[in-house]
Amino acid sequence: MLFEGFLRISPACEACGYDLSKADSGDGPAVFIILIAGFLVCFAALFVEFTLHPPIWVHLVLWLPLITFVSVGLLRPMKGLMVAAQVANRASEAGRRDV
């Protein structure tokens, strides 16, 4: 398992013992989620606004829960993707120099 909890990375891979303690995705997943979820929900909200012209409360009832669920739903897969990219590219901590 890659994750111990919802977003906490395990210190080591259970299958092969690979050290994951230095794997840190930082803010990368949040940036991609903002871009992806923002594009999808904003496009849908604008489409609904210009085709149906609903009152503002309908927008609040529709889009606030949707943006929350999309964002939380994408957090774990995007974090796993970022950690996998770090492992695949043998990325190391920024500024760290092994002598």
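Data block above holds the structure.
Residues numbered from 1 in each chain as written. Predicted model: local features only at pLDDT ≥ 70, side-chain atom pairs only at ≥ 80, totals over all residues. Heavy atoms only, no water.

Let us now look at a nonpolar patch on the surface. Together, V31, F32, L35, I36, F39, L40, F43 and F47 make up an exposed nonpolar region whose accessible area comes to about 850 Å². Topologically, F39 is positioned in helix α1 (residues 28-52). Here F39 falls in the exposed class, since its relative accessible area comes to 59%. (Patch = residues over 30% accessible without salt bridge, like charges linked within 9 Å, V, L, I, M, F, W, Y side chains within 5 Å. Areas by Shrake-Rupley, 256 points an atom, 1.4 Å probe, with all protein chains shown as cover. Salt bridge = Lys/Arg side-chain N within 4 Å of Asp/Glu carboxyl O. Helix = DSSP H or I, 4+ residues; strand = E, 2+ residues; numbered from the N terminus. Buried < 20%, exposed > 50% of the residue type's maximum accessible area, 1.4 Å probe, protein only.)

Take the packing of aromatic side chains next. All chains considered together, the criterion is met by one aromatic pair. With centroids separated by 6.3 Å and ring planes inclined at 20 degrees, the aromatic side chains of F39 and F43 adopt a geometry described as stacked. Taken together, the residues span about one helical turn, with F39 and F43 both in helix α1 at a distance of four residues. Residue classification places F43 among the exposed residues on the basis of a relative accessible area of 54%. (Phe/Tyr/Trp six-rings, centres within 6.5 Å; stacked < 30°, edge-to-face > 60°.)

This paragraph deals with the environment of P29. Here P29 is to be found in helix α1. Taking the relative accessible area as the measure of exposure, P29 reaches 4% and is therefore buried. Taking C-alpha positions, P29 is 8.4 Å from L81, a pair spaced 52 residues apart along the chain. Discounting residues that sit within four places of it in the chain, P29 has contacts with M78, K79 and M82. (Contact = heavy atoms within 4.5 Å.)

We now examine the side chain of S25. Along the chain, the position of S25 falls in the segment before α1. Contacts of S25, omitting those with residues within four sequence positions, involve K79, M82, V83 and Q86.

Honestly, that's just the spatial picture; any functional story needs more than this.
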